[in-house]
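Given next are the chains, with one letter for each unit.
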Amino acid sequence: MIRFIAKRLGSGLVVLFVVSALTFFLLYISSGSIARNILGDQATAEQVAMKEHELGLDQPLPVRYFAWVGDALTGNLGASWFTSEPVANSLATRIPVTMTMVFAAMILIAICAALIGVAAAVKRGWVDRAVQVGAILGDSIPGFVIGVILVTILAIQLGIFPATSTISPDSGAEAWVYSMTLPVIALLLNGVTGGAQQIRSAVIKQLERDYVRTLRSRGIGEGEILFKHVLRSAAPAGLTVLSLQLIGMLGGVVIIEQIFALPGMGPLAVAATGQSDLPVVMGVVMYTVVVVIVVNLLVDILNGWLNPKVRVS
Amino acid sequence: MSTTENAPLLTVDKLIVEYPSKRFRAKPFRALTDINITIGQGETLGLVGESGSGKTTLGRAVLGLAPVTGGKIIFEGNDISNATRKQRRTLSRDLQVVFQDPYTSLNPALEIGDILAEPLGVQGMEKTAAKKRVKELLDQVGLPSDAIHRLPREFSGGQRQRVAIARALALSPKLIVCDEPVSALDLTTQARVLDLFLQIQNDTGVSYLFVSHDLDVVRHISHRVAVMYHGEIVEQGPADVVTRDPEHPYTQRLLLASPVPDPDRQEKRRADRHRLLEIQRQQTEQAGALA
Amino acid sequence: MSDSVETAAAAAAPVPPAPTGQSGTVVRSTVLRRLFRNPLGLIAMAILTTITLLAALAPVIAPFQENFANIAKTLAAPDAVNILGTDSAGRDVWSRLLYGGQLTLLSAVLCAAVAIAIGLPSGLIAGYYAGKFEAVSNWMVSILMSLPGLIVLLTIRAAFGPSVWISMIAFGILISPSYFRLTRSAVQSVRNELYVDAARVSGLSDRSIIARHIFSVVRAPIIIQTAAIAGVAIAIQSGLEFLGLGDPAKATWGVMLSEGFKNVYLTPTLLFWPAFAMALTIGALVLLGNAIRDALEDADKIKHRRKKMHDAEHAASASAAKAARKTLAAVEAGTEHHLVKVTNLGVGYPQADGSIKKVVDDVSFHVDRGEILGIVGESGSGKSQTAFSILGLLPDTARIVGGAIQFDGNYTVAPGDEKVNQDRLSKLRGKRISYIPQEPMSNLDPAFTIGYQLVTPMVRVLGISKAEATKRAMKLLSDVGIVNPERTFKAYPHEVSGGMAQRVLIAGAISCEPDLIIADEPTTALDVTVQADVLELIRDLQRSLGVGVILVTHNFGVVADLCDRVAVMQNGRLVEDGPVRDILRNPKQKYTQTLLASMLEGKTPMTMLVSSEKEPVA
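Residues numbered from 1 in each chain as written. Chains lettered and ligands numbered in written order. Predicted model: local features only at pLDDT ≥ 70, side-chain atom pairs only at ≥ 80, totals over all residues.

A.B. asks: Would you explain the overall build of chain C in this entry?
C.D. replies: From N to C terminus, chain C includes 23 helices and ten strands. Expressed as a percentage of its 618 residues, the buried residues of chain C come to 53%. Taking the intrachain contacts of chain C between residues at least 6 apart in sequence as the baseline, contacts between residues at least 24 apart amount to 69%. (Helix = DSSP H or I, 4+ residues; strand = E, 2+ residues; numbered from the N terminus. Buried ≥ 20, exposed ≤ 12 C-beta atoms within 10 Å, placed from the backbone. Contact = placed C-beta atoms within 7 Å.)

Here it is in structure tokens:
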């Protein structure tokens with residue numbers, strides 16, 4: 001097991017390296033006129049050259065990249081070219097906002113999708129049909145459109161929730177939860193409908209397996225068969241679905257934060273990519289990849305625990 | 001029986017088949033060791049053994065579907081152990097196959113006519129001639145000619161196996177490798193399909209390499225029988241000798257393991273089997289004591 | 001938007017098994033016809049066609065240029081000139097919606113095209129040839145799939161500027177794994193199919209094999225997947241535009257949505273139209289994908305229906321027996337002593353057209369204590385269905401259409417019951433009636449140890465402690481001839497051989513000391529030598545425990561070895577039954593005679609078995 005985790009972490013590091021190099025290279029291509037953009041049109045050629053030297057733009061790509069890697073390894077992710085704010089600081093203030101939302105949404109998705117999916121698989125009938133219709137609706141309406149609709153109806157028309165959620169955690173837990181409700185709902189709806197549908201089919205597939213019939217023939221109750229055997233076998237499929245949803249959500253939350261004007265990673269990412277602010281973009285990309293690697297590792301470990309065949313090999 | 005004394009049609013000489021292991025630098029898995037068989041014209045060689053004994057692999061090696069790591073497969077005087085796809089195309093006129101599962105051996109999306117015409121098309125036969133040949137083939141295997149435009153799923157297992165046999169016969173081959181062709185069939189269907197195999201051999205003089213796990217089937221259809229165990233041939237000879245009075249301990253066990261459809265004779269067979277197992281146990285003990 | 005991106009890909013990825021081989025030229029016409037008969041599919045196609053036409057004809061039908069602004073008339077309500085009103089810059093909403101549709105649809109097509117161009121060939125190659133190419137592609141796929149789409153697109157935009165086309169190409173690359181995985185697993189599922197081997201033996205080139213046998217399998221799933229991907233592409237492209245990261249000179253639904261959102265306090269309707277257009281288009285794509293899938297699955301069902309028709313015929317002939325059955329009221333006196341008595345049992349499955357397909361029809365027999373009854377028949381004879389109705393483990397859709405089953409003097413299925421009474425049976429199952437299945441491996445839960453699967457039923461059914469159950473399980477394992485019970489107890493099912501797994505299942509069946517064991521082809525999946533050992537085991541256990549056994553099999557040798565009495569079944573009906581010697585030596589019915597004549601034992605080799613001359617058809 002430890003070897004397995006080490007192997008996964010190792011391949012994660014390789015991915016991190018490849019993605020960072022690729023991103024750096026892509027941004028390098030476009031950073032030709034960056035000094036001019038920062039200084040504005042009035043700046044002289046010398047000032048631009050000075051700025052380029054200051055940012056290290058006059059050095060060749062490999063030198064710059066490995067300088068960045070060296071700094072990053074010591075925890076120094078550089079500073080924004082435009083605001084001069086250290087990237088590590090921006091991330092530290094913004095990641096909690098985004099991650100709270102993402103994890104709240106994921107936990108709710110896992111619970112709701114599992115409950116609804118299992119109910120649909122076991123009860124069939126109207127629950128099942130509702131899940132099917134819900135899945136089609138969820139697939140049809142992009143999450144950010146749901147967000148926009150929610151704001152328009154619940155916040156602006158009815159005034160039940162605040163339309164923007166600029167409230168910081170310091171202003172009291174209640175206000176914080178209140179302001180976070182709509183964005184989290186906007187994030188999770190698609191996940192619940194899609195997840196329920198897939199957990200439903202995974203459970204149905206397991207219920208049709210031979211060993212379920214044999215367990216019944218041994219006098220084991222339906223509840224025990226469902227919760228101990230079937231759910232355990234269906235769980236890997238569900239976990240994979242959830243991990244893919246979480247990866248997607250890291251992107252989706254960017255738009256949601258924009259809609260609700262939340263001070264999370266979204267606005268930072270949008271602004272930085274709009275200006276080709278290399279250090280900040282690198283910071284955003286690294287954060288995303290690290291989250292993904294950690295989540296995938298956790299999923300692999302859980303799957304290994306659930307499936308003895310994986311555990312042995 | 002009808003074994004000819006000429007040069008054999010197929011000779012397998014010291015054949016070794018190994019599958020590369022999935023693990024890095026691990027030893028390859030040896031599926032077949034030192035296999036020697038021959039099949040004459042118009043002859044049936046029955047190949048019997050339990051699952052994992054390598055009998056199917058041997059059939060596949062002859063067909064070019066398994067990697068030959070050592071030894072030779074000689075068909076009509078030519079070494080075909082590493083034939084290219086192009087050579088195979090020529091070879092396919094004389095060497096054909098019927099697989100076990102009639103459900104997966106026919107492409108479910110193709111009409112019967114197209115399935116039967118495939119080997120003809122590969123050989124460059126033109127459409128009208130191919131169509132005529134397909135009709136002949138359907139007649140030969142006892143299927144109605146309107147089957148041409150139907151899909152495999154419209155047929156029962158036995159009928160599908162007839163289609164598979166017709167496909168193998170399309171180019172009038174000299175040897176057909178039959179890989180458990182009746183194992184997936186019901187008892188009555190199995191009997192009819194076995195009849196068909198015998199009928200075809202009578203009519204065309206084709207040879208069979210007939211692979212089966214069922215000693216009764218092999219006894220019924222073969223001139224000679226080879227017994228496989230753990231990737232090796234442990235015994236081969238005339239069918240009635242090998243299947244009634246075997247020498248090798250494994251064949252002896254196999255023979256007595258298969259139950260007969262009469263309670264009293266089966267009771268006797270059971271007793272014989274117990275006696276055999278006891279004798280063999282003592283022999284291994286003695287061998288162990290000597291070693 | 002990207003949370004739906006990867007999940008949609010994942011949702012579509014496991015599709016291949018269902019439509020395997022259902023997509024050839026012949027089937028396609030019927031699939032298409034079925035698609036047209038599906039109202040939802042028709043509506044979806046109509047919507048998509050309309051939207052495509054409107055977008056394509058935008059330059060002709062749009063009353064204004066996409067960026068024509070009438071500054072005097074901003075945020076206007078709909079009127080005769082601007083049928084959907086104007087936006088904050090005084091631009092015509094209807095015109096912009098049409099032009100936006102153009103860009104949106106084209107970008108979706110571009111994205112899907114790029115994804116197919118990369119994913120399909122690489123999936124075909126990886127699936128067909130496997131090896132290093134597959135390993136490398138799998139690695140790249142796992143990287144691509146762990147990148148959040150929107151973040152990557154933001155980065156791409158930072159590098160290449162705000163071009164819709166570049167971001168859609170990038171997104172196409174990013175989402176190509178969904179096609180790759182779909183294609184690869186579909187190809188893998190057919191690569192080792194025997195018909196591909198047969199084509200190889202015929203000397204078909206790899207290219208012909210892929211084109212003829214393999215591409216046809218992936219075609220339908222690819223179409224379904226493309227519908228989903230196009231929807232996702234529209235969503236993510238609109239998301240980018242919504243963030244204001246698109247080309248400002250172009251009208252798109254995303255830009256319009258963002259524009260509407262900025263003016264949400266003034267004119268909320270501005271939001272509605274682009275959102276509606278988006279949901280309508282994506283929804284139509286999703287519905288179309290579903291309709292195609294349904295059409296393919298219907299094609300699969302056809303064959304069953306055909307068989308069912310056939311069965312319905314002889315169902316009619318049984319109506320006379322049914323009438324007689326109605327008169328049967330209570331447990332017949334004097335039959336209480338039978339361990340099991342099945343009386344005029346009928347089992348059927350309701351069909352879509354309201355008829356009932358009978359699989360068991362008017363079957364009666366009984367089993368006494370300590371007796372072994374063999375039920376023999378070919379596939380489709382209803383022998384397993386009969387056995388499962390005694391166990392009460394028929395599929396949910398099955399109905400008891402007639403007759404009764406009594407166990408130890410009490411009804412488990414009383415006359416007139418539609419379903420097996422689970423209240424009555426759940427008290428018996430595992431405790432007094434137990435089951436030995438056919439396929440040893442698939443009947444053990446791979447996630448639990450063999451020990452756990454033996455101990456739990458004893459704890460639940462007998463109410464004994466775990467420690468005691470463990471002790472009993474060890475003894476059972478050695479009773480069924482397992483040499484090292486401790487090791488097997490701790491093992492997982494995949495760590496033991498098929499023969500050993502079957503011994504474990506037999507141990508499970510006798511663990512709670514039942515009165516009746518139902519064994520469904522218990523040796524069919526085993527090698528002949530292992531079969532002989534397992535038959536031996538069943539005989540010894542039956543003798544020592546004195547249980548009644550119902551042995552379902554197709555093998556007369558197995559019957560002769562074990563059974564006291566035999567019942568022969570064909571097409572759901574009982575042909576004849578009686579003591580084993582009578583049936584095997586002097587069968588009265590023609591069918592039994594044919595079955596026995598088909599046996600090879602004792603026949604002269606190389607002679608015709610059933611057909612005298614050239615007599616068709618199997």
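A.B. asks: Would you mind showing me how to read the interface of chain B and chain C here?
C.D. replies: Size of an interface, as often reported, equals the accessible area lost when the parts are brought together. In this complex, chain B contributes 61 residues to the contact, which on the side of chain C involves 55 residues. Elements with a minimum of two residues in the side of chain B that touches chain C: α2 (85–91), β6 (95–98), α3 (112–122), α5 (157–169), α6 (187–204), α7 (215–221), α9 (249–257) and α10 (263–290) of chain B. Residues belonging to the side of chain B that touches chain C are distributed by class as follows: 25 nonpolar, 18 polar and 18 charged. (Nonpolar A, V, L, I, M, F, W, Y, C, P; charged D, E, K, R; others polar.)

A.B. asks: So what exactly am I meant to see when it comes to the environment of Q280 of chain B here?
C.D. replies: All names here are of chain B. With respect to the helices and strands, the residue Q280 is situated in helix α10. Given 14 C-beta atoms within 10 Å, Q280 falls into the partly exposed group. C-alpha of Q280 to C-alpha of P249: the two residues are 31 residues apart in sequence and 7.3 Å apart in space.

A.B. asks: Looking at this model, I keep getting lost on the sheet that holds strand β10 (residues 232–238) of chain B. Mind explaining?
C.D. replies: Strand pairing in a sheet is mediated by backbone hydrogen bonds. Such pairs are either parallel or antiparallel. Residues and elements named next belong to chain B. Here six strands make up an open sheet; going across it, the order is β6-β7-β8-β3-β9-β10 and the pairing mixed. With partners counted over all chains shown, the strands left at the sheet margins are β6 and β10, one partner each. Sheet twist, expressed as the average angle between the axes of neighbouring strands with direction ignored, equals 15°. Pairing between strand β3 (residues 44–48) and strand β8 (residues 207–212): five bridges, direction parallel. (Pairing = 2+ DSSP bridges. Axes fitted to C-alpha atoms, helices over the stretch in contact; angles between N-to-C directions.)

A.B. asks: Got a minute to help me understand the pairing of β3 of chain B in this structure?
C.D. replies: It is a general feature of regular strands that their side chains alternate between the two faces of the sheet. All names here are of chain B. Counted residue by residue, β3 has five buried out of five residues, so it is predominantly covered. What you see with β3 is no split at all: T44, G46 and V48 on one side and L45 and L47 on the other are buried throughout. Across four bridges, β3 lies against strand β9 (residues 224–229) in parallel orientation. Within β9, the residue paired with V48 across the bridge is V227.

A.B. asks: Help me understand the pairing of strand β3 (residues 372–376) of chain C, please; the structure alone is not making it clear to me.
C.D. replies: All names here are of chain C. In terms of residue burial, β3 counts as a mostly covered element, since five of its five residues are buried. Alternating positions in β3 separate into two faces, I372, G374 and V376 on one and L373 and I375 on the other, with burial throughout. Examined bridge by bridge, β3 and strand β8 (residues 548–553) share five bridges and lie parallel to one another. When the bridges of β8 are listed, I372 appears paired with V549. The pairing of β3 with strand β9 (residues 565–570) spans four bridges and is classified as parallel. The residue bridging I375 from the neighbouring strand is A567, located in β9.

A.B. asks: I keep staring at the interface of chain C and chain A and nothing clicks. Help me out?
C.D. replies: The interface of chain C with chain A comprises 65 residues on the first partner and 64 residues on the second. Residues belonging to the side of chain C that touches chain A are distributed by class as follows: 39 nonpolar, 18 polar and eight charged.

A.B. asks: Would you mind showing me how to read the UniProt feature "transmembrane region" (unreviewed entry) in chain A here?
C.D. replies: UniProt feature "transmembrane region" (unreviewed entry): in the numbering of this structure it lies at residues 12–30, 101–122, 143–163, 175–196, 237–260 and 280–299 of chain A. Secondary structure content for residues 143–163 of chain A is 71% helix and 0% strand, while the C-alpha to C-alpha distance between its ends is 17 Å. (UniProt positions renumbered as here; feature names shortened; annotations may be inferred.)

A.B. asks: Looking at this structure, I do not really get the packing of helix α12 (residues 278–306) of chain A against helix α7 (residues 149–160) of chain C. What am I missing?
C.D. replies: Following both chains from N to C, one finds α12 of chain A and α7 of chain C inclined at 160°, their axes separated by 11 Å at the closest point. In terms of their interaxial angle, α12 of chain A and α7 of chain C are classed as roughly antiparallel. Like other packed secondary-structure pairs, α12 of chain A and α7 of chain C cross with a definite hand, here left-handed. Between α12 of chain A and α7 of chain C, the contacting residues are V281, V284, V285 and T288 of chain A on the first element and I151, T155 and A158 of chain C on the second. Looking at side-chain class alone, the contact of α12 of chain A with α7 of chain C contains five nonpolar, two polar and no charged residues. (Parallel < 35°, antiparallel > 145°, perpendicular 65-115°, else oblique. Left-handed = near helix turned anticlockwise from the far one by under 90°.)

A.B. asks: When you look at the packing of helix α5 (residues 87–123) of chain A against helix α10 (residues 222–260) of chain A in this model, what are you seeing that I'm missing?
C.D. replies: When two helices pack together, their arrangement is given by the angle between the helix axes and by the axis-to-axis distance. Residues and elements named next belong to chain A. One way to put it is that α5 packs onto α10 with a least axis distance of 9 Å and a crossing angle of 140°. Taken together, α5 and α10 sit at an angle that is classed as oblique. Regarding α5 and α10, the two cross each other, and that crossing is right-handed. Taking contact as the criterion, the partners of T98, M101, V102, A105, M106, I109, A110, A114 and V122 in α5 are, on α10, L226, G238, L242, Q245, L246, M249, L250, V253 and E257. Of the residues in the contact of α5 with α10, the class split is 14 nonpolar, three polar and one charged.

A.B. asks: Help me out: how do you make sense of the arrangement of the chains in this one?
C.D. replies: Taken together, the two pairs of chains in contact show their highest number of contacts between chains A and C. At no point do chain A and chain B touch; the closest pair of C-alpha atoms across them sits 11 Å apart.

A.B. asks: Mind showing me how you'd approach the UniProt feature "domain: ABC transmembrane type-1" (unreviewed entry) in chain C here?
C.D. replies: Look at the UniProt record and you will see "domain: ABC transmembrane type-1" (unreviewed entry) annotated at residues 101–293 of chain C. The span residues 101–293 of chain C is 85% helix and 0% strand, and its two end C-alpha atoms sit 27 Å from each other.

A.B. asks: In this structure, what is going on with the confidence of the model for chain A? I would like to understand it.
C.D. replies: The predicted structure's coordinates, where accompanied by low pLDDT, should not be read in detail. For chain A, the mean per-residue pLDDT works out to 86, and 95% of the residues sit at or above 70. No element of chain A has a lower mean pLDDT than helix α13 (residues 308–312) of chain A, which averages 61, and none a higher one than helix α9 (residues 210–217) of chain A, which averages 94. (pLDDT = per-residue confidence, 0-100.)

A.B. asks: Is there a simple way to explain the domain arrangement of chain C in this structure?
C.D. replies: Assigned domains of chain C: these are domain 1 (2–65 + 99–298) and domain 2 (323–597). For domain 1 of chain C and domain 2 of chain C, the distance between their C-alpha centres works out to 49 Å. (Domains from an automatic or database assignment.)

A.B. asks: Can you help me understand the environment of A35 of chain A in this one?
C.D. replies: Residue and element names in this part refer to chain A. Relative to the helices and strands, A35 resides in helix α2 (residues 34–39). What makes A35 buried here is the crowd of 21 C-beta atoms within 10 Å. Between the C-alpha atoms of A35 and Q47, which are twelve residues apart in sequence, the distance is 8.9 Å. Non-local contacts of A35, meaning those with residues more than four positions away in its chain, are made with V48, K51, E52, L55 and L57.

A.B. asks: What is the right way to look at the nonpolar core in this model?
C.D. replies: One recurring pattern in soluble globular proteins is that nonpolar side chains are buried together. Membership of the largest hydrophobic core comes to 345 residues, with the highest contact counts inside it found for V284 of chain A, L209 of chain B together with A233, I518 and I550 of chain C. With 19 residues, helix α10 (residues 206–242) of chain C is the single largest residue contributor to this core. Counting the residues that make up this core, at least three belong to each of domain 1 (2–65 + 99–298) and domain 2 (323–597) of chain C. Those residues in contact with I550 of chain C that sit more than four places away from it in its chain are V367, L373, I375, A387, I390 and I518 of chain C. (Core = buried A, V, L, I, M, F, W, Y, C linked by C-beta atoms within 7 Å.)

A.B. asks: What should I look at first to understand the sheet that holds β9 of chain C in this one?
C.D. replies: Residues and elements named next belong to chain C. Across the sheet, which stays open at both edges, the six strands sit in the order β6-β7-β8-β3-β9-β10 with mixed pairing between neighbours. With partners counted over all chains shown, the strands left at the sheet margins are β6 (433–436) and β10 (573–579), one partner each. Strand-to-strand twist across the sheet, computed as the mean angle between neighbouring axes with direction ignored, equals 15°. Bridge count for strand β7 (residues 516–520) against β8 is five bridges, and the pairing is parallel. Bridging from a neighbouring strand, D520 pairs with V552 of β8.

A.B. asks: Explain the confidence of the model for chain C to me, please; I cannot follow it from the model alone.
C.D. replies: All names here are of chain C. Confidence in the prediction of chain C, expressed as mean pLDDT, is 84, and 88% of residues score 70 or more. In this model residues 1–28 is a low-confidence stretch, pLDDT under 50, and it forms 105 contacts with partners more than four residues away in sequence or in other chains. Every residue in residues 613–618 scores below 50 in pLDDT, and together they form twelve contacts with partners more than four places removed in sequence or on other chains. On the interface metric, ipTM, the complex scores 0.89, and its pTM is 0.83.

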